[in-house]
Amino acid sequence: MFLIFQISFGQTNGAKEILGQIFEQSTFVEGVNIINNTTQVTTVSDANGMFSIVIKEGDVLVFSSVNLETLQRRISSEDLKSTLLKIKMAAKEIELKEVVVNENANINAANLGIIPHDQKKYTPAERKVYTAQSTPGDMLLNAISGRTTMLKKEVNIEKKEALFRKMEYLFDEKYYTERLRISVEDIKGFQFYCIEDAEFAVSLDSKNKTMSMFLITDLARKYLKILENEKKP
């Protein structure tokens, strides 16, 4: 019995229950498992990151959690003197698999399942018109004030601006001057002339380049004839 008492006394000599707190950056961490590797005593941190455990100098505490890097801390005499053992842990770095996005892939809200494929898409100006006519009251007031008419004009201007951008993308200056025989100073006027043509506007809007090139050749011939007539005395 005396021998057992000596061994037990030797194992617990200098042991002390300490209070600790675990945090990651500035956030307290709950649910961290703490084990004293020497005595195999375990505990878990609470919602405020707090824990208590019996230790002595030289013991090694192991801190582990699913989303945190495992940490080992050897207890020093200074740790035993402190009123609160502060443990700073680090989040695990999760390496993501490489994701390659095909630049030609058609990625949009419909393909991602955010909106239905057949849902109508409104331009900013079209959205204003829709809002102005969303209720019978709004429709009547905006019709009387002329706001609806003004907004519809904005939609028309917006569509023409979009057609201009498509023309600039499809046809460069060299195409106008060398292929269509349109002088540089007449290009802008010719572009206005083209987008007023309903058939050509449809071909641009549908991104049918072949049809657009076919139609613009005939439009260029007609436009040059108009310029020629204007220059006649």
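Basis of the calculations
- The residue numbering used here restarts from 1 in each chain and proceeds along that chain's sequence as written.
- Only residues with pLDDT of at least 70 get local features here, since the model is predicted, and only at 80 or more are side-chain atom pairs given and counted; chain-wide, interface and lining totals rely on the full set of residues.
- For side-chain calculations, the full set of non-hydrogen atoms in the structure is used, while hydrogens and water are omitted.
- Helix and strand assignments follow DSSP, with helices taken as H or I runs no shorter than four residues and strands as E runs no shorter than two, numbered in order from the N terminus.
- Each residue gets one of three labels from its accessible area relative to the maximum for its type: buried under 20%, exposed over 50%, partly exposed in between, using a 1.4 Å probe on protein chains only.
- Whether two residues are in contact is decided by their heavy atoms: any pair within 4.5 Å suffices.
- To estimate the expected span of a helix, count its residues, drop one, and scale the result by 1.5 Å.
- Pairing of aromatic rings covers Phe, Tyr and Trp, the last counted by its six-membered ring, and requires centre-to-centre distances within 6.5 Å; plane angles under 30 degrees mean stacked, over 60 mean edge-to-face, and any other angle means tilted.
- For salt bridges, the criterion is a side-chain nitrogen of Lys or Arg within 4 Å of an Asp or Glu carboxyl oxygen.
- Residue-level confidence of the predictor is summarised by pLDDT, bounded by 0 at the bottom and 100 at the top.
- Strand pairing is assigned whenever DSSP detects at least two bridges linking the two strands.
- Here the axes come from fitting lines to C-alpha atoms, over the contacting stretch only for helices, and the angles between their N-to-C directions go from 0 to 180 degrees.
- Think of it as the arc spanned by the lines of direction from the helix axis to the C-beta atoms.
- What is meant by a nonpolar core is a set of buried Ala, Val, Leu, Ile, Met, Phe, Trp, Tyr and Cys residues, joined one to another through side-chain atoms within 4.5 Å.

A closer look at the environment of Leu180
- Of note, Leu180 is situated in the loop between α6 (173-179) and α7 (187-195).
- Since its relative accessible area comes to 5%, Leu180 is described here as buried.
- Here the alpha-carbon distance between Leu180 and Asp218, two residues 38 residues apart in the chain, equals 9.3 Å.
- Discounting chain neighbours no more than four positions away, the residues touching Leu180 are Tyr175, Phe190, Ile216, Thr217, Ala220 and Leu224.

Let's talk about helix α9 (residues 209-231)
- Here α9 is 23 residues long and its end C-alpha atoms lie 32 Å apart, about the 33 Å a rise of 1.5 Å per residue gives.
- Every buried residue belonging to α9 is among Ser212, Leu215, Ile216, Leu219, Ala220, Tyr223 and Leu227, and all of these are buried.

Some points on the packing of aromatic side chains
- Per the counting criterion, the structure on display carries 6 aromatic pairs.
- The interplanar angle of 70 degrees and the centroid separation of 5.8 Å between the aromatic rings of Phe51 and Phe63 together place this pair among those described as edge-to-face. On the criterion of sequence distance, the pair formed by Phe51 in strand β5 (residues 50-55) and Phe63 in strand β6 (residues 60-65) is long-range, its members being 12 residues apart.
- With 6.3 Å between their ring centres and 65 degrees between their planes, Phe171 and Tyr176 make a pair best called edge-to-face.
- Overall, Phe171 belongs to the buried group, its relative accessible area being 4%.
- Classification of Tyr176 by relative accessible area gives buried; the value is 2%.

Looking at the pattern of salt bridges
- Tallying each qualifying case throughout the model produces 7 salt bridges.
- One salt bridge connects Arg221 with Asp218, and the closest N-O pair in it is separated by 2.5 Å. Here Asp218 and Arg221 lie together in helix α9, a separation of 3 residues that amounts to about one turn.
- Overall, the relative accessible area of 31% leaves Asp218 in the partly exposed class.
- Among the ionic pairs, Lys222 bridges to Asp218, the shortest N-O distance being 3.4 Å. Here the residue Lys222 and the residue Asp218 both occupy positions in helix α9, the gap between them amounting to 4 residues, near one helical turn.
- Sharing partners across several salt bridges, the network here consists of Asp218, Arg221 and Lys222.

Let's talk about the confidence of the model for the chain
- On average, residues of the chain carry a pLDDT of 78, and 69% of them reach 70 or more.
- With pLDDT under 50 throughout, residues 1-11 is counted as low confidence; its partners more than four residues away or in other chains account for 1 contact.

Some details on the sheet that holds strand β4 (residues 42-44)
- The strand order β4-β3-β6-β7 describes an open sheet built from 4 strands, whose pairing is antiparallel. Only two strands of the sheet have a single partner each, and these edge strands are β4 and β7 (68-74). Strand-to-strand, the axes of this sheet are offset by a mean angle of 15 degrees, without reference to chain direction.
- Bridge count between strand β3 (residues 33-36) and β4: 3 bridges; the pairing is antiparallel. Bridge pairing in β4 places Ile35 opposite Thr42.

A few points about α7
- When we look at burial in α7, the residues that qualify are Ile187, Phe190, Gln191, Cys194 and Ile195. End-on view of α7: buried residues confined to an arc of 130 degrees, all on one side of the axis.

Regarding the nonpolar core
- Ranked by size, the top nonpolar core spans 21 residues in total, and within it Met167, Tyr176, Leu180, Ile182, Phe190, Phe200 and Ile216 carry the most contacts.
- Sorting the residues of this core by element identifies α5 (147-170), α6, α7, α8 (198-205) and α9 as the ones contributing at least two each.
- Apart from residues lying up to four places away in sequence, Ile182 is in contact with Tyr176, Thr177, Ile187, Phe190, Ala220, Tyr223 and Leu224.
- Core analysis: the second largest hydrophobic core is formed by 16 residues, Val29, Phe51, Leu68 and Ile75 among them.

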